[in-house]
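Examining the three-dimensional arrangement
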Amino acid sequence: CRFLDTPVFRSATLDSLFLNGSCLHEGLSAGRLKAKGSVFLKEVKVEGEVKMLGATLGGDLVCEEAKFSNAEAAALNLDGINIAGAFFWRNGAEVKGVLDLTAATVGRLNDDSDCWPKAHGDLLLDRFRYGAITSACVDAKTRKKWLALQDPAKFGKDFWPQPYEQLAKVLREMGHRGDAREILIEKEKLQREDRRRRLRREYLFEDAFWFGLWDWVLAITVRYGHRPLRAFAWLLGIWLLGAAVFYIAAENDAFKPNTSRILISEAWMDCAGQDPSQPACYLETDPAQSYPKLNVLVYSADTLLPIVDLEMQSNWIPDENVMPWARRYLWIQIIMGWALSLLAVAGFSGLIKSD
């Protein structure tokens, strides 16, 4: 059919509505429509706004190969629609204008990535809920592009976290746990960026800077708490780096006993100025036969892990008079160990997630 005026189905009750292949020159008005079955808009060509606000469908909404165009307002306005079945948005479906799915509820979403709106900000997904995705578009990379089509600022709003939470929930229930985690990481990143923008708008530049620094630390260490095991990878890297630093210090005789009792003992004092070094000389004396030998791998682990006492740090310490930078690195490693351990615990407990 060709409709020169707007077909009006406001608050109508129907079994199903078939408009396949029709041309609608002034849009469609179907707010609060109640269809026991489905609404078929397959291959329709629409100019103007299709309004289905608050409609209830017992079946599907089929928009395959449909063309919607409206430069002045929403091209397809599904705000608050409730679809018990599937929303089919695939096979060449196209929209030039806004596709509004605000507060819509759909049993299943079946869409193609090349059918999404082309213009940034022409997709509204705030409070859009769906039970499953039955198309091939279930990987995090593709869905992040889908979510990125939103632009809350275009409508005077701040960041919308719900679309990310909803997608992650559905992907997790479908068995795509890794993809769900990537979506939540993206949500954290964007939500924190939005917080910093709001602080800058309020001229709180110092707060924005410190929040930005903290967000950067969370991003590279535990991915905002969604990958807490990454903290252990960082701990492993710092452990090996520390072992290398302490090995260089040991090779340059830059370690000394970490106890004043030994440093004032006669055996230690007698070794002053001895060749090859005072620590090596002391370890050859009888009083030092029971003293632990320095192991740089154990020493690095002992200084890095705050809840582990391997009795190595309590016996040896870099000599600041021989190699000051090794002593300074020791304090940095201790701080990093505490920080990464706390981040790992906070990540596992969910304390550092913004939701």
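The structure contained in this document is the topic of the report that follows. Here the structure is a predicted model, which is why all the values come from computation and not from measurement.

Definitions and limits used
- In every chain, residue numbers begin from 1 and rise along the written sequence.
- Predicted model: local features are reported for residues with pLDDT of at least 70 only, side-chain atom pairs are reported and counted for 80 or more only, and whole-chain, interface and lining totals are derived from all residues.
- The side-chain numbers reported here are obtained from all heavy atoms of the structure, hydrogens and water having been left aside.
- Here a helix means four or more residues in a row that DSSP labels H or I, a strand means two or more in a row labelled E, and each is numbered from the N terminus.
- What the globule rule says is 2.2 Å times the number of residues to the power 0.38, and the radius of gyration is computed from C-alpha atoms.
- Accessibility here uses a 1.4 Å probe with only protein chains present; expressed as a share of the type maximum, an area under 20% marks a residue as buried, one over 50% as exposed, and anything in between as partly exposed.
- What makes two residues a contact is simply this: any of their non-hydrogen atoms within 4.5 Å.
- Using a 1.4 Å probe, the Shrake-Rupley method yields the accessible areas, and only the shown protein chains count as cover for residues.
- Counted charges follow a simple rule, with Lys and Arg positive, Asp and Glu negative, and His plus the chain ends left uncounted.
- A charge is said to be at NZ when it belongs to Lys, at CZ for Arg, at CG for Asp and at CD for Glu.
- Whenever a pair of cysteine sulfur atoms sits within 2.5 Å, that pair is classed as a disulfide.
- Any helix carries an expected span of 1.5 Å times its number of residues minus one.
- Note on method: axes are straight lines fitted to C-alpha atoms, helices fitted across the in-contact stretch only, with angles between N-to-C directions ranging 0 to 180 degrees.
- Working definition: roughly parallel below 35 degrees, roughly antiparallel above 145 degrees, roughly perpendicular at 65 to 115 degrees, and oblique for all remaining angles.
- The sense of a crossing depends on the near helix, which, turned anticlockwise from the far helix by less than a right angle, makes the crossing left-handed and, turned clockwise, makes it right-handed.
- Should DSSP find at least two bridges between two strands, the strands are regarded as paired.
- In this description, a nonpolar core means a group of buried Ala, Val, Leu, Ile, Met, Phe, Trp, Tyr and Cys residues linked to one another through side-chain atoms lying within 4.5 Å.
- Side-chain classes follow a simple rule in which Ala, Val, Leu, Ile, Met, Phe, Trp, Tyr, Cys and Pro form the nonpolar group, Asp, Glu, Lys and Arg form the charged group, and the remainder, Gly included, forms the polar group.
- Salt bridge, as used here, is a side-chain nitrogen of Lys or Arg placed within 4 Å of a carboxyl oxygen of Asp or Glu.

Below, the discussion takes up the overall build of the protein. Looking only at helices and strands, the protein has 10 helices and 19 strands in total. Here the protein has a C-alpha radius of gyration of 32 Å; the compact-globule value for 355 residues is 20 Å, and the former is much larger. Taken over the C-alpha atoms alone, the protein extends approximately 105 × 45 × 25 Å along its principal axes. Counting only residues that meet the buried cut, the protein has 47% of its 355 residues in that class. Within the protein, counting contacts between residues at least 6 apart in sequence, those at least 24 apart form 51% of the total. Here the protein has roughly 18000 Å² of accessible surface; of this, 55% comes from carbon and sulfur atoms. Across the protein, the centroid of the 43 positively charged side chains sits 8 Å from that of the 46 negatively charged ones.

Take the state of the cysteines next. Applying the stated criterion to the full structure yields 0 disulfides. Left without a disulfide partner, Cys1 is nearest to the cysteine sulfur of Cys23, which lies 9.8 Å away.

With that out of the way, let us pick up the environment of Trp89. Tracing the chain through its elements places Trp89 in strand E13 (residues 82-89). Considering only alpha carbons, one finds Trp89 and Val62, 27 residues apart in sequence, at a separation of 7.0 Å.

On to helix H5 (residues 230-251), then. The terminal C-alpha atoms of H5, which comprises 22 residues, lie 32 Å apart, in line with the 32 Å expected from a rise of 1.5 Å per residue. Those residues of H5 that sit buried are Ala231, Leu235, Ile238, Gly242, Ala243, Val245, Phe246 and Ala249. Residues of H5 that are buried sit in contact with helix H4 (205-221), strand E18 (255-257), helix H9 (296-304), strand E19 (316-318) and helix H10 (324-349). Phi turns positive one or two residues past the end of H5, at Asp253, with a value near 55°.

Running from amino to carboxyl end, helix H3 (residues 177-201) crosses H4 at an angle of 165°, the nearest separation of the two axes being 8 Å. The pairing of H3 with H4 is recorded here as roughly antiparallel in orientation. Pair H3 / H4 crosses with left-handed handedness. Contacts from Arg192, Arg195, Arg196, Leu199 and Arg200 of H3 reach H4 at Phe205, Asp207, Ala208, Phe211, Gly212, Asp215 and Leu218.

A separate point is the pairing of strand E14 (residues 94-100). With 5 of 7 residues buried, E14 lies mostly within the body of the structure. Across 6 bridges, strand E12 (residues 67-77) lies against E14 in parallel orientation. The partner of Phe68 across the bridge, within E14, is Val95. Relative to strand E16 (residues 123-124), E14 runs parallel, the two being bridged by 2 bridges. Looking at E16, one finds that Asp100 is bridged to Leu124.

Now for the nonpolar core. Residues Met52, Leu61, Phe68, Phe87, Trp89 and Trp146 are the most contacted members of the largest nonpolar core, which totals 55 residues. Contributions of two or more residues to this core are made by E12, E13, E14, strand E15 (105-111), helix H1 (140-147), helix H2 (162-173) and H3. It is H2 that contributes the most residues to this core, 5 residues altogether. Dropping the residues within four chain positions of it, Phe87 is found in contact with Leu61, Cys63, Leu78, Leu101, Val106, Arg108, Leu109 and Asn110.

Judged from the 6 bridges that link them, E13 and E15 form a sheet pairing that is parallel. Directly across from Phe88, in E15, lies its bridge partner Asn110. In the sheet, E15 pairs with strand E17 (residues 129-130) via 2 bridges, with the strands oriented parallel. Within E17, the residue paired with Val106 across the bridge is Tyr130.

We now examine the packing of H4 against H5. It is at 8 Å that the axes of H4 and H5 come closest, and there the two elements cross at 85°. In terms of orientation, H4 and H5 fall into the roughly perpendicular class. Packed against H4, whose contacting residues are Ala219, Ile220 and Thr221, the element H5 presents Arg230, Ala231 and Trp234 at the interface. Taken together, the residues of the contact of H4 with H5 break down into 4 nonpolar, 1 polar and 1 charged.

Further remarks concern the pattern of salt bridges. All told, the structure shown has 20 salt bridges when counted by the stated rule. One salt bridge connects Glu173 with Lys169, and the closest N-O pair in it is separated by 3.1 Å. Of this pair, Glu173 and Lys169 both sit in helix H2, 4 residues apart, which is roughly one turn of that helix. Look at Glu173 and you get exposed, because its relative accessible area is 54%. Note on Lys169: relative accessible area 37%, which makes it partly exposed. With its nearest N and O atoms 3.8 Å apart, the salt bridge here joins Lys187 to Glu188. Given the relative accessible area of 1%, Lys187 is considered buried. For Glu188, a relative accessible area of 0% gives the class buried. Through salt bridges with shared partners, a single network forms among Glu165, Lys187, Glu188, Arg192, Arg195, Arg196 and Asp215.

A few words on H4. Compared with the 24 Å implied by 1.5 Å per residue over 17 residues, the 24 Å span of H4 between its first and last C-alpha is a close match. Inspection of H4 places Ala208, Asp215, Leu218, Ala219 and Thr221 among the buried residues, and these make up the whole buried set. On its buried face, H4 sits against H3, H5 and H10. Arg223, located one to two residues past H4, shows a positive phi value of around 50°.

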